[in-house]
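Notes for the structure review
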2 protein chains.
Amino acid sequence: MSEPPRHEKRRRKGLDSPTLTDVAREAGVSSITVSRVLNSPDSVRESTRHKVEAAIEHIGYVRNMVAGSLASARSRFIPVIVPSLSNVVFIEVIQGLQATFEQHDYQILLGNTDYSMKREEELIQTFLGWSPTALITTGLRHQPGVRAVLERYSHPLVEIMEVGEAIDMSVGMSHYHAGHCMADYLVSRGYRHIVYAGTQMDGNYRAQQRYEGHRDRLQEQGMAAPLLEWHDPSQFELGATALEEVRKHHPRADAIHFADDVMACGAILHANRHGLRIPEDIAIAGFTCLPLGQSLTPRLTTIHSPREAIGRLAATQIITRLNGGQPDSSAIDLGFELVPGDSA
Amino acid sequence: MSEPPRHEKRRRKGLDSPTLTDVAREAGVSSITVSRVLNSPDSVRESTRHKVEAAIEHIGYVRNMVAGSLASARSRFIPVIVPSLSNVVFIEVIQGLQATFEQHDYQILLGNTDYSMKREEELIQTFLGWSPTALITTGLRHQPGVRAVLERYSHPLVEIMEVGEAIDMSVGMSHYHAGHCMADYLVSRGYRHIVYAGTQMDGNYRAQQRYEGHRDRLQEQGMAAPLLEWHDPSQFELGATALEEVRKHHPRADAIHFADDVMACGAILHANRHGLRIPEDIAIAGFTCLPLGQSLTPRLTTIHSPREAIGRLAATQIITRLNGGQPDSSAIDLGFELVPGDSA
DNA sequence: ATGAAAGCGCTAACAC
DNA sequence: GTGTTAGCGCTTTCAT
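Residues numbered from 1 in each chain as written. Chains lettered and ligands numbered in written order. Predicted model: local features only at pLDDT ≥ 70, side-chain atom pairs only at ≥ 80, totals over all residues. Heavy atoms only, no water.

**Thoughts on the relation of the copies chain A and chain B**
- The operation relating chain A to chain B is a screw motion whose rotation component is 180°, with 0.1 Å of axial translation and a residual RMSD of 0.2 Å. The operation mapping one copy onto its partner corresponds to a two-fold rotation axis.
- An overlap of 100% is found between the interface residues of chain A and their copies at the interface of chain B, pointing to a shared contact surface. (Least-squares fit on C-alpha atoms with pLDDT ≥ 70 in both. Contact = heavy atoms within 4.5 Å.)

Dropping the structure here:
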């Protein structure tokens, strides 16, 4: 009679880290009790809890989140897909998200598309493999495939930065109105030859929407709305270039409406270096309201976008839903604020 | 004879997403073959692979990474612990890391300590629960508990930003020497009353190390090394405040050596607003070399820190080790470069 | 090159 | 309030 093949009940690899069961044995309880101490401490009698906590401490138990996620089919991961990390705006959104999620023990998975819709698709595919608790992605436009996937996704989903027809929820502001608003302000200040200057506007269609708002306002006025566009990432240097090109190709221009503050600041810095007077020689307006613009001389006229608020609210919406609640609204428009400076 | 209670073999929840087994059935192979197609396609005959790939496509299979991580005890997660996301330097490090890791299908888990050593401990504890493939953390100093945990950690570990005695590997630069180098430069330019100004230097002991290098150089010269310190996060406004305070409390000061470029730029912007001449009235030096400083008038004298390189190299070190290689060196000093401007 | 069996460490469901 | 049992969906080991 040969014995049945004995299988080592011990771990396959050199992983000798203690498990829930080890803690349970040490504490003289069952493993589910240890699990409860970790997940819903209030459902365990205090004395039991103390025993278990002592055992955890004693054997140096580290919780295996992977096993927990598999068993419960929920991972406490929340992917956040943004188009860029070079743009401070998204960093601030992420900070808002992180601050809120961290209090509820959710972990962000950061995804950067570099303004590529195709990359968004890959990222979502990957992230779905982690059984995410919820999903956050930037913008309301997606590849058809992504859209289909997101529509099928049955957990909380927030599309951030914009307002409009959301798949599940959205938190953002209207870029069209922001562009319109700034154009209106420039017109009201007496500018008559306003050039719009942006970069990477094919991928960054929020900048495109701002341009459309701008253009529509100028057209109401019977004014042309020339657009100057580049394809490099937004940097100070590009703002300087833009300023030069406007002066060369649009000599009558009396104002430049920049798609973002970085380029606008770059233009002001360039003007300062070369003795160009702003707004007398040419006026400058930006978008987003970075601290730098408010410290320059002249102070930048811009629009403040509520990005940390977007982050915090997006997170709050998700938490509400995860706790079984129904958020007050599924589409939140946080608005924006025109910040008059001295540059226009 | 009552039948034994029948347990639904199907999924507990409404999770009807297809599994490896579903794909296997569809393709007429075993599940392990599907697994191999996903993990080591070369070990599967081409015809089999095509069958499986077709099945995956057909039923819309999404890989469950959580289950895979549990079974293999490796998660493809690499936690990255940084002290701040408000500091662009760390954003750039993260970008360098992400660019490299993404090519190898590793996912960063971002942790932000806000310069709290205690928070670092919590984060590491949490992250270890995800069976991380490797670990990246900022700095060489840790709470005793953290140190013990890290020393026991048996996977690749990189401590970034500094040079010195690493637990496993390190990639960084010498902050002491950077401070020393800038002080030396200022002395050589003829400045004789140099104030060092920094903020949050208790938590950010790299700034502290720069100060020590600065101080030691001045002491060699027989000069005093006054230190002005704040506790708010570094912002332009704080640089302005610092400039004012130096002029008030150190009227003989002819130079300010700032712990970072943000404050230094803030000081220059403030000087520009108030007609103070830099460097004639007072000289300004910074640290890290942000684009802004190089676009200001006067251009900021600063030190360039190799942060994207730190990110890329830290990632490369880890990949090398994960592929079974041995990196050339376990402690990499990427150095720094003094960037003379017009502000000092 | 492919498969069968046995878990990885945890939690859901249901009993007591 | 606590325990028992049966998986979660994948990969490992070992066999063919």
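**Details of the pattern of salt bridges**
- Applying the stated rule across the entire model yields 26 salt bridges over all chains.
- Between Arg307(B) and Glu92(B) there is a salt bridge, with the nearest N and O atoms lying 2.9 Å from each other. Taken as a pair, Arg307(B) in helix H13 (residues 307-322) and Glu92(B) in helix H5 (residues 88-103) lie far apart in primary sequence, 215 residues in all.
- On the basis of relative accessible area, Arg307(B) is assigned to the buried category, the value being 3%.
- Residue Glu92(B) is classed as buried on the basis of its relative accessible area, which comes to 16%.
- Shared partners join several salt bridges into a network, and the residues in it are Glu102(A), Lys118(B), Arg119(B) and Glu122(B). (Salt bridge = Lys/Arg side-chain N within 4 Å of Asp/Glu carboxyl O. Helix = DSSP H or I, 4+ residues; strand = E, 2+ residues; numbered from the N terminus. Buried < 20%, exposed > 50% of the residue type's maximum accessible area, 1.4 Å probe, protein only.)

**Observations concerning the protein's contact with DNA strand C**
- As a structural note, the neighbourhood of DNA strand C is formed by 29 residues, with Leu20(A), Ser35(A), Tyr61(A), Thr33(B) and Thr48(B) the closest of them.
- When the atoms of DNA strand C within 4 Å of the protein are sorted by group, sugar and phosphate make up 69%.
- In this structure, a phosphate oxygen belonging to DNA strand C sits 2.3 Å away from a main-chain N or O atom of Leu20(A).
- Counting residues per element, the ones that place at least two in the surface near DNA strand C are helix H2 (31-39) and helix H4 (65-72) of chain A together with helix H2 (31-39) and helix H4 (65-72) of chain B.
- Broken down by class, the residue content of the surface near DNA strand C amounts to ten nonpolar, eleven polar and eight charged. (Near = heavy atom within 4 Å. Polar contact = N/O pair within 3.5 Å; in protein donor to acceptor, adjacent residues only side chain to side chain. Nonpolar A, V, L, I, M, F, W, Y, C, P; charged D, E, K, R; others polar.)

**Some details on the interface of chain A and chain B**
- Taken together, the contacts link 41 residues of chain A with 42 residues of chain B.
- Where chain A abuts chain B, roughly 3900 Å² becomes buried across the two surfaces, and 62% of that area is made up of carbon and sulfur atoms.
- The tally of links from chain A across to chain B stands at two salt bridges.
- Arg119(A) serves as the salt-bridge partner of Glu102(B), at 3.1 Å between the closest nitrogen and oxygen.
- Linking chain A with chain B are eleven residue pairs in polar contact (both at pLDDT 80 or more), by the criterion used here. (Buried area = accessible area lost by both parts, 1.4 Å probe.)

**Focus on the nonpolar core**
- Residues Leu97(A), Phe101(A), Ile136(A), Leu97(B), Phe101(B) and Ile136(B) are the most contacted members of the largest nonpolar core, which totals 56 residues.
- In this structure, Phe101(A) is in contact with Ile78(A), Tyr106(A), Ile108(A), Ile136(A), Ala315(A), Ile318(A) and Ile319(A), ignoring residues within four places of it in sequence.
- If you look at the next biggest cluster of nonpolar residues, it comprises 52 residues, including Ala264(A), Leu269(A), Leu296(A) and Ile284(B). (Core = buried A, V, L, I, M, F, W, Y, C linked by side-chain atoms within 4.5 Å.)

**Description of the UniProt feature "domain: HTH lacI-type" (unreviewed entry) in chain A**
- Within this numbering scheme, the UniProt entry marks residues 18-72 of chain A as carrying the feature "domain: HTH lacI-type" (unreviewed entry).
- Along residues 18-72 of chain A the backbone is 71% helical and 0% strand, and the end-to-end C-alpha distance reaches 20 Å. (UniProt positions renumbered as here; feature names shortened; annotations may be inferred.)

**Focus: the side chain of Gln98(B)**
- For Gln98(B), the position within the fold is in helix H5.
- Residues within four places of Gln98(B) in sequence aside, it is in contact with Leu85(A), Leu110(A), Asn112(A) and Ile108(B).

**Quick notes on the sheet that holds strand E9 (residues 283-285) of chain A**
Residue and element names in this part refer to chain A.
- With parallel pairing, four strands are arranged side by side in an open sheet as E7-E6-E8-E9. With partners counted over all chains shown, the strands left at the sheet margins are strand E7 (227-230) and E9, one partner each. Strand-to-strand twist across the sheet, computed as the mean angle between neighbouring axes with direction ignored, equals 20°.
- Note: strand E6 (residues 194-199) against E7, four bridges, orientation parallel. Its bridge partner lying in E7, Ala197 is registered against Leu228.
- Those strands touched by helix H10 (residues 236-249) are E6, E7 and strand E8 (255-258), and its axis lies near 145° from that of E7.
- Each of E6, E7, E8 and E9 touches helix H11 (residues 261-274); the most contacted strand, E9, lies at about 155° to it. (Pairing = 2+ DSSP bridges. Axes fitted to C-alpha atoms, helices over the stretch in contact; angles between N-to-C directions.)

**A word on the domain arrangement of chain A**
- Per the domain assignment, the segments making up chain A are domain 1 (18-61) and domain 2 (175-304).
- Taking only C-alpha atoms into account, the centre of domain 1 of chain A sits 61 Å from that of domain 2 of chain A. (Domains from an automatic or database assignment.)

**Remarks on the pairing of strand E3 (residues 135-138) of chain A**
All names here are of chain A.
- Covered by surrounding structure in E3 are Leu135 and Thr137 together with Ile136 and Thr138, the residues of both alternating faces.
- Note that strand E1 (residues 77-82) and E3 share two bridges and pair parallel. Looking at E3, one finds that Val80 is bridged to Ile136.
- In the sheet, E3 pairs with strand E4 (residues 157-162) via four bridges, with the strands oriented parallel. Among the inter-strand pairings, Leu135 is bridged to a residue of E4, identified as Leu157.
- Where the polypeptide runs from E3 across helix H7 (residues 144-152) and back to E4, its parallel neighbour, the crossover connection is right-handed. (Right-handed = clockwise from strand over helix to strand, strands pointing away.)

**A look at the sheet that holds strand E7 (residues 227-230) of chain B**
Residue and element names in this part refer to chain B.
- In spatial order, the strands read E7-E6-E8-E9; together these four strands make up an open sheet with parallel pairing. Pairing within the sheet leaves two strands with one partner each, and these edge strands are E7 and strand E9 (283-285). On average, each strand axis in the sheet is tilted by 20° relative to the strand beside it, whichever way the strands run.
- Most of the contacts of helix H9 (residues 205-220) go to strand E6 (residues 194-199), to which it runs at about 170°, and overall it touches E6, E7 and strand E8 (255-258).
- Those strands touched by helix H11 (residues 261-274) are E6, E7, E8 and E9, and its axis lies near 155° from that of E9.

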